[in-house]
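Observations on the model geometry
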Amino acid sequence: MSNDPILQEQIQKLRQKYAAMGQDLSSYLDGLLYSDYLTYWDYIHLDTLLSLQTPKTHFPDEKVFIIYHQITELYFNLILWEIGQMVDHPQLDEKFFCSRLDRVINYFRQLVNSFGVMVDGMDRDQFLKFRMSLLPASGFQSGQYRMIEICSTDLINLVNVAEREQVTNDKIELQLEKLYWRSGATELATGKKTLTLQQFEVKYMGQFKELGEKHRDKNLLKLYQHHFTNVPDVISRLREFDELANVRWPLAHLKSASRYLQKDPEDIKATGGTNWQKYLPPRFQRIIFFPELWNETEQSEWGRAGVS
């Protein structure tokens, strides 16, 4: 074994690696000798993972609700991880950019297609009861999804459409004040912020501001404009990402909300008081990450397909 040239080469590389850090290879080999074998359950922290579901009621389907939202947040984390690789890449090229966009698209496809777990997977009567124990918590409070938006496009594209002309591109603080989703948790009658929105702002607005500053000139839209303008393979991927994130994903939410919260003669309020009827339909918000990749007709018809 000691004469194995491949093994000798590996040992030499290890010596060089640890010598460069002023470390002794022999000590690390001792540690390897005494350490236990890695197990699957320890590697993914399975016991910890399975302990993170703590229902607030006795209704069985609340566990479905919790786990699905946890899975969603893990996918959001993967999407942020891929975007981070793109915007921080020191020598970004088309191959790498497209490969990471493909991953982001795949994650979003999984998210959109998985919403059947929510739409068809919970007993409606159970949901309408256990949801009242969750107030004022709401899926509206997903900070990671807002981070995906901020990393994907210029902040001005996330401002309420009707207010964009009043907001200049260099005023991040003002843009943050006018972000489209804030109206989704504001009482229509009084204009007051719901407790859900107040909690969300306390938790995340500082992070959103830092992220907005960091990605002012380094988001996916800027990467396209600086490196890949008119590149067909990039354009097709950015358009699909745009549609998944800003049309199909909100429509999946809308379908779920309609399934559980629609009630004649009036709709049931969402947890936290969010105005889901006006907030969720993409045709109302018309949020587009990459507006220059869509013609005027496509933008005017944004989100109308599949909506009655």
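Further up the page is the structure itself.
Now for a look at the structure at hand. Since the model is a prediction, treat every value here as computed from it, not as a measurement.

Our focus in this paragraph is the pattern of salt bridges. For the coordinates displayed, the defined rule picks out 15 salt bridges. For E173, the salt bridge identified is with K209, shortest N-O distance 3.4 Å. Of this pair, E173 sits in helix α10 (residues 172-177) while K209 sits in helix α11 (residues 195-214), placing them 36 residues apart in sequence. A salt bridge links R239 to E298; its shortest N-O distance comes to 3.1 Å. With R239 in helix α13 (residues 232-261) and E298 in helix α16 (residues 296-300), the pair connects residues that are 59 residues apart, well separated along the chain. The partly exposed category is assigned to E298, whose relative accessible area is 27%. Counted as one network, the salt bridges with shared partners bring together E177, R182, K193 and E201.

Moving on to the side chain of E201. Mapped onto the elements of the fold, E201 is located in helix α11. Not counting residues within four places of it along the chain, the set of residues in contact with E201 comprises R182 and K193.

Further remarks concern the nonpolar core. If you look at the biggest cluster of nonpolar residues, it comprises 72 residues, and the most contacted ones within it are F108, L220 and F241. With 12 residues, α13 is the largest single contributor of residues to this core. Contact partners of F241, with chain neighbours within four places excluded, come to V104, I105, F108, I148, S152, L220, F289 and F290.

The tally for this structure, following the rule as stated, stands at zero disulfides. With no disulfide of its own, C98 has C151 as its nearest cysteine by sulfur position, at a separation of 19 Å. What makes C151 buried here is its relative accessible area of 6%.

To characterise two packed helices, one gives the angle between the axes of the helices and the distance between these axes. Closest axis-to-axis distance for the helix α9 (residues 143-152)/α11 pair is 10 Å, and the angle between their directions is 20°. Compared by their axis directions, α9 and α11 come out roughly parallel. Remark: the crossing between α9 and α11 carries right-handed chirality. Together, G143, R146, M147, I150 and C151 of α9 and F200, Y204, Q207, F208, L211 and G212 of α11 make up the contact between the two elements. By residue class, the composition of the contact of α9 with α11 is seven nonpolar, three polar and one charged.

So, about unusual backbone geometry. The omega torsion of the bond from L135 to P136 falls at 0°, within 30 degrees of zero and hence cis. Mapped onto the secondary structure, P136 falls in the loop between α8 (124-130) and α9.

Inspection of the secondary structure puts S152 in helix α9. Residues within four places of S152 in sequence aside, it is in contact with I83, N219, L220, L221, F241, F289 and F290.

Take the environment of D242 next. Residue position: D242 is located in helix α13. You can call D242 buried: its relative accessible area is 0%. C-alpha of D242 to C-alpha of S256: the two residues are 14 residues apart in sequence and 21 Å apart in space. If we ignore the near neighbours within four places in the chain, the residues touching D242 are V247, I288, F289, F290, W294 and W302. Within the local environment of D242, its side chain forms a polar contact with the side chain of N246, the two groups lying 2.8 Å apart.

Summed over the entire model, instances satisfying the criterion amount to 22 aromatic pairs. Judged by centre distance (4.7 Å) and plane angle (10°), the rings of F97 and F228 are stacked. Separated by 131 residues along the polypeptide, F97 in helix α6 (residues 94-114) and F228 in the loop between α12 (220-227) and α13 bring together distant segments of the chain. Here F97 matches F228 in class, with each residue buried. Aromatic ring contacts, followed pair by pair, group Y68, F76, F115, Y145 and W249 into a single cluster. Directly above the ring of F140 sits R146, whose terminal nitrogen or CZ lies 6.0 Å from the centroid. Residue placement shows R239 over the ring face of W294; its charged tip is 3.8 Å from the ring centre.

Analysis parameters
Residues numbered from 1 in each chain as written. Predicted model: local features only at pLDDT ≥ 70, side-chain atom pairs only at ≥ 80, totals over all residues. Heavy atoms only, no water. Salt bridge = Lys/Arg side-chain N within 4 Å of Asp/Glu carboxyl O. Helix = DSSP H or I, 4+ residues; strand = E, 2+ residues; numbered from the N terminus. Buried < 20%, exposed > 50% of the residue type's maximum accessible area, 1.4 Å probe, protein only. Contact = heavy atoms within 4.5 Å. Core = buried A, V, L, I, M, F, W, Y, C linked by side-chain atoms within 4.5 Å. Disulfide = S-S within 2.5 Å. Axes fitted to C-alpha atoms, helices over the stretch in contact; angles between N-to-C directions. Parallel < 35°, antiparallel > 145°, perpendicular 65-115°, else oblique. Left-handed = near helix turned anticlockwise from the far one by under 90°. Nonpolar A, V, L, I, M, F, W, Y, C, P; charged D, E, K, R; others polar. Polar contact = N/O pair within 3.5 Å; in protein donor to acceptor, adjacent residues only side chain to side chain. Phe/Tyr/Trp six-rings, centres within 6.5 Å; stacked < 30°, edge-to-face > 60°. Lys NZ or Arg CZ within 6 Å of the ring centre and 35° of its normal.

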